[in-house]
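Architecture and fold: a report
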Amino acid sequence: MLEVVAASVISLFAGILGQPSQPVPTVESLSWQNAKLFQLPPEPDPVAEKIVRDYLKALEAQGLAATNQGVWIESDFIRLARHQGTQSRSAASLTKIATTLAAIDTWGLDRHFETRFYANGNINGGVLKGDLIVIGDGDPMFVWEEAVVVGNALNKLGIRKVTGNLIVNSKFYMNFYPNSAVAGKKLKEGLNSKVWSSEAQIQHGKMPPGTPRPTVEVQGNLLLGNALPPSSQLLLTHQSLKMYQILKQMNIYSNNMVAEALGQLMGGGDVVAQIAANVAEVPPEEINLINGSGLGTANRISPRAVTAMLQAIEGKLQDHSTSLPDLFPVAGRDTLGTMLDRNLPSETTIKTGTLARVSALAGVLPTQKYGWVWFAVINDGSNIEALRQQQDRLLQRLSQNWGAASISATLKPNDVGRFGDPDRVRLTNEKTLE
């Protein structure tokens, strides 16, 4: 069928160019008129299907029923192998693929979260006689280093003591705590190096040599409040890492707190699922989420939906001259986080998922025969280490069968951003406010 359609196209162009063309057989349009242009028919690869059958038999030998496993493998045009691929399953941290897609669709790649610091009172002699107010908009990666930078910026503005309270709003998070009360306590400590815990000391030691130790002592209490008094004066604005850097950090380390925060900001698991299903063009029943992280067995996604979301992410990234390996860990380049102790084919882009009885793996395998091969494997079983080893063997066999390929020509350095970057703090007044 495809050869006939291709021949028709060649014949058409030959006629346009004024060259003689050979007649081609008539094709009934009903057989292909609803297909995407140049889309290949969904035919499996016999060798890939056998490799998957062997994989399932190996799991059955370990006492794991094949009916509890899901597999979906496809190239851009051909469904190469599948096993119960349209059934939604507990996907664990593959949920973060949905969160990544929804975040890009909602905010784009260059979005910064901003945290604003206000003074509600007079500043004189290094003392803010009033409250220090913090209005966050959900930065999920405001950590110790960011508090150090903000404290140094406040010192630069002449503020070393606050006689009033530290007031934070409900969208201020710190050190991956989405609880503003906990985050506020961490911030109060982070601003004043005189009371630093060992954890804060360690993180400061990772910053560039010579980074000052801030001293902003808040004498009052920590309060929660979303209202900003009209008399408040903006002191400085702190910008987060860019969205693509946040997503990269989230996916490399499978950071649940970051994913939870992003999911909440978008409206919760239901909203993330709706956005992801719509953008990836998959049936909504194949993506059911209760949060953005994957914590909890109620987060359920089909293997087919996983690969569709990855392809949708890649489609959005191409508009920004970037690619999937810039947001997810890559075998041979990224050695930390979820890549630890994996034996995957070189330059395979992956996302893992793990719960007590779930081990999942999805991503892109570069091959000589089919180009990028999209895959998703979701296993139900308690021996997580054994399941991971079987997943690695599955991908190794597929890579050997189709020929390993490289994505090095487009692979970029691992840019996850730098915490505590003073360039992301904008002072309202470069001079002292005294």
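Here the structure is shown first, and the text comes after it.
Throughout, residues of each chain are indexed from 1 in the direction in which the sequence is written. Two thresholds apply to this predicted model, a pLDDT of at least 70 for residue-level local features and 80 or more for giving and counting side-chain atom pairs, whereas whole-chain, interface and lining totals are computed over all residues. Processing note: side-chain calculations cover all non-hydrogen atoms of the structure and skip hydrogens and water entirely.

Before going further, it helps to spend a moment on the packing of aromatic side chains. Ring pairs shown here join Phe, Tyr and Trp side chains whose ring centres sit within 6.5 Å, with only the six-membered ring taken for Trp; geometry is labelled stacked below 30 degrees between planes, edge-to-face above 60, and tilted in between. Tallied over the entire structure, the rule returns 4 aromatic pairs. Relative to F113, the ring of W107 lies with its centre 5.5 Å away and its plane at 75°, an arrangement referred to as edge-to-face. Geometrically, the ring pair formed by W372 and W374 is edge-to-face, given 5.8 Å between the ring centres and 65° between the ring planes.

Right, let's get into the sheet that holds strand β13 (residues 349-355). On the basis of which strands lie adjacent, the open sheet formed by 5 strands has the order β2-β1-β15-β14-β13 and antiparallel pairing. Every interior strand has two partners, whereas the edge strands, β2 (79-83) and β13, have only one. Going from strand to strand, the sheet's axes swing by 5° on average, the running direction of each strand aside. Here, any two strands with at least 2 DSSP bridges between them count as paired. Numbered from the N terminus, helices here are DSSP runs of H or I no shorter than four residues, and strands are runs of E no shorter than two. With 7 bridges connecting them, β13 and strand β14 (residues 358-367) associate as antiparallel partners. Within β14, the position partnered with T352 by the bridge is L361. Axis definition: a line fit to C-alpha positions, over the contact stretch in the case of helices; interaxial angles, taken between N-to-C directions, run 0 to 180 degrees.

Turning next to the nonpolar core. We define a nonpolar core as any set of buried Ala, Val, Leu, Ile, Met, Phe, Trp, Tyr and Cys residues linked to one another through side-chain atoms lying within 4.5 Å. Here's how the labels work: a residue is buried when its accessible area is under 20% of the maximum for its type, exposed when over 50%, partly exposed in between, all with a 1.4 Å probe on protein chains only. Core analysis: the largest hydrophobic core is formed by 47 residues, its most contacted members being I97, I287, M309 and I313. Elements represented by at least two residues in this core include exactly α3 (95-107), α7 (243-253), α8 (256-266), α9 (269-280), α10 (303-318), β14 and β15 (371-380). Residues count as neighbours in contact if any of their non-hydrogen atoms are within 4.5 Å of one another. Apart from the residues within four sequence positions on either side, I97 is in contact with V306, M309, L310, I313, F328, K351 and A362. Within the second largest apolar cluster, 33 residues are counted, among which are L128, V148, V216 and L236.

A separate point is the environment of F117. For F117, the position within the fold is in strand β4 (residues 114-124). Sequence-wise, F117 and V150 are 33 residues apart; in three dimensions their C-alpha atoms are separated by 8.9 Å. In this view, F117 contacts I133, V134, F142, V150, L187, Q233, L234, L235, L236 and H238; residues no more than four positions away in its chain are not counted.

Tracing the backbone through its elements, the reader meets Q245 in helix α7. A relative accessible area of 11% means that Q245 is categorised as buried. What Q245 contacts, discounting residues up to four positions off in sequence, is D415, V416 and G417.

Note on pairing: side chains with opposite charge can pair once their charged atoms come close. Any Lys or Arg side-chain nitrogen located within 4 Å of an Asp or Glu carboxyl oxygen qualifies as a salt bridge. Scanning all chains against the criterion turns up 13 salt bridges. Where K369 meets D45, a salt bridge forms, and the shortest distance between an N and an O atom there is 3.7 Å. Of the two residues, K369 sits in the loop between β14 and β15 while D45 sits in the loop between α1 (2-16) and α2 (46-61), which places them 324 residues apart along the sequence. As a salt-bridge pair, K50 and D54 come within 3.0 Å of each other at their nearest N and O atoms. Highlighted residues: K50 and D54, both in helix α2, separated by 4 residues, approximately one helical turn. Via salt bridges that share partners, K50, D54 and R397 belong to a single interconnected network.

Time to look at helix α11 (residues 384-402). The span you would expect from a helix comes to 1.5 Å times its residue count less one. Compared with an ideal rise of 1.5 Å per residue, which puts 19 residues at 27 Å, α11 spans 27 Å between its outermost C-alpha atoms and is within 8% of the ideal. Inspection of α11 places I384, A386, L387, Q390, Q391, D392, L394, L395, Q396, L398, S399 and W402 among the buried residues, and these make up the whole buried set. Contacts made by the buried residues of α11 are with α2, β1 (70-74), β2, β13, β14 and β15. Trailing α11 by a residue or two, G403 shows a phi angle of about 90°, which is positive.

Here the focus is the sheet that holds strand β3 (residues 89-90). Spatial strand order, β3-β12-β11: 3 strands in an open sheet with antiparallel pairing. Edge strands, defined here as strands with exactly one partner in the open sheet, are β3 and β11 (287-288). By the bridge criterion, 2 bridges tie β11 to strand β12 (residues 300-301) in an arrangement that is antiparallel. Its bridge partner being in β12, I287 is matched across the sheet by I301.

So, on to unusual backbone geometry. You will see that F176, though not glycine, has its phi angle at about 70°, which is positive. Its location among the elements puts F176 in the loop between β7 (166-168) and α5 (180-190). We note that S321 has phi near 55°; this positive angle belongs to a residue other than glycine. Tracing the chain through its elements places S321 in the loop between α10 and β13.

This part covers the environment of S406. Inspection of the secondary structure puts S406 in the loop between α11 and β16 (425-427). Distance in space between the C-alpha atoms of S406 and P366 is 6.3 Å, their sequence separation being 40 residues. Within the local environment of S406, its side chain forms a polar contact with the side chain of E347, the two groups lying 3.2 Å apart. Under this definition, polar contacts are N or O atom pairs within 3.5 Å; protein pairs additionally need one hydrogen-donor-capable and one acceptor-capable atom, and for neighbouring residues in sequence, both atoms have to be side-chain atoms.

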